[in-house]
Amino acid sequence: MPEEERERLKTKEQRKNPGGALNNAWSQAYTGAPSSGCLVNILSIVIIVAVILLVRACSN
């Protein structure tokens, strides 16, 4: 399957299921897989920072 077709299908699926983008970002952040989208990279960073802040808040 060509890369453009895969990206088109992924975008279509994420429009139907907005939580899919978050799940995709979380799995890529967890596995360290590189992504092609800027939004996914930003979401990965935000998730990591949120987890760190949560751990610090709970440890105090």
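Residue numbers run consecutively from 1 along every chain, following the written order of its sequence. In view of the model being predicted, local features appear only for residues whose pLDDT reaches at least 70, and side-chain atom pairs are presented and counted only at 80 or more, with totals across whole chains, interfaces and linings using the full set of residues. As a convention, hydrogens and water are excluded, and side-chain values are obtained from all of the structure's heavy atoms.

### So, the overall build of the protein
Think of it this way: any DSSP run of H or I at least four residues long counts as a helix, any run of E at least two long counts as a strand, and we number them from the N terminus. On a plain count of helices and strands, the protein comes out with three helices and zero strands. Here the open area of atoms and residues is found with the Shrake-Rupley method and a 1.4 Å probe, where only the protein chains shown may cover a residue. Counting only carbon and sulfur atoms, one obtains 65% of the accessible surface of the protein, whose full area is about 4900 Å².

### Focus: the confidence of the model for the protein
Residue-level confidence of the predictor is what pLDDT reports, using numbers from 0 through 100. Looking at the protein, pLDDT values average 77 and 80% of them are 70 or higher. Mean pLDDT per element in the protein: helix H2 (residues 18-31) is the minimum at 72, and helix H3 (residues 38-59) is the maximum at 85.

### Examining the environment of Ser59
Tracing the backbone shows Ser59 in helix H3. Under the rule applied, a polar contact is a pair of N or O atoms within 3.5 Å (in protein, one hydrogen donor and one hydrogen acceptor; residues adjacent in sequence only if both atoms are side-chain atoms). Engagement of the side chain of Ser59 in a polar contact is seen with the backbone oxygen of Arg56, the distance being 3.0 Å.

### Points about the environment of Lys10
Here Lys10 is to be found in helix H1 (residues 3-16). Relative accessibility under 20% of the residue-type maximum defines a buried residue, over 50% an exposed one, and the middle range a partly exposed one, all with a 1.4 Å probe and only protein chains included. The partly exposed category is assigned to Lys10, whose relative accessible area is 31%. Expressed as a C-alpha distance, the spacing of Lys10 and Asn24, which sit 14 residues apart in the sequence, is 9.9 Å.

### Considering the side chain of Ser44
Mapped onto the elements, Ser44 comes out in helix H3. The residues contacting Ser44, other than those within four sequence positions of it, are Ala25 and Ala29. Any two residues having at least one pair of non-hydrogen atoms within 4.5 Å are treated as being in contact.

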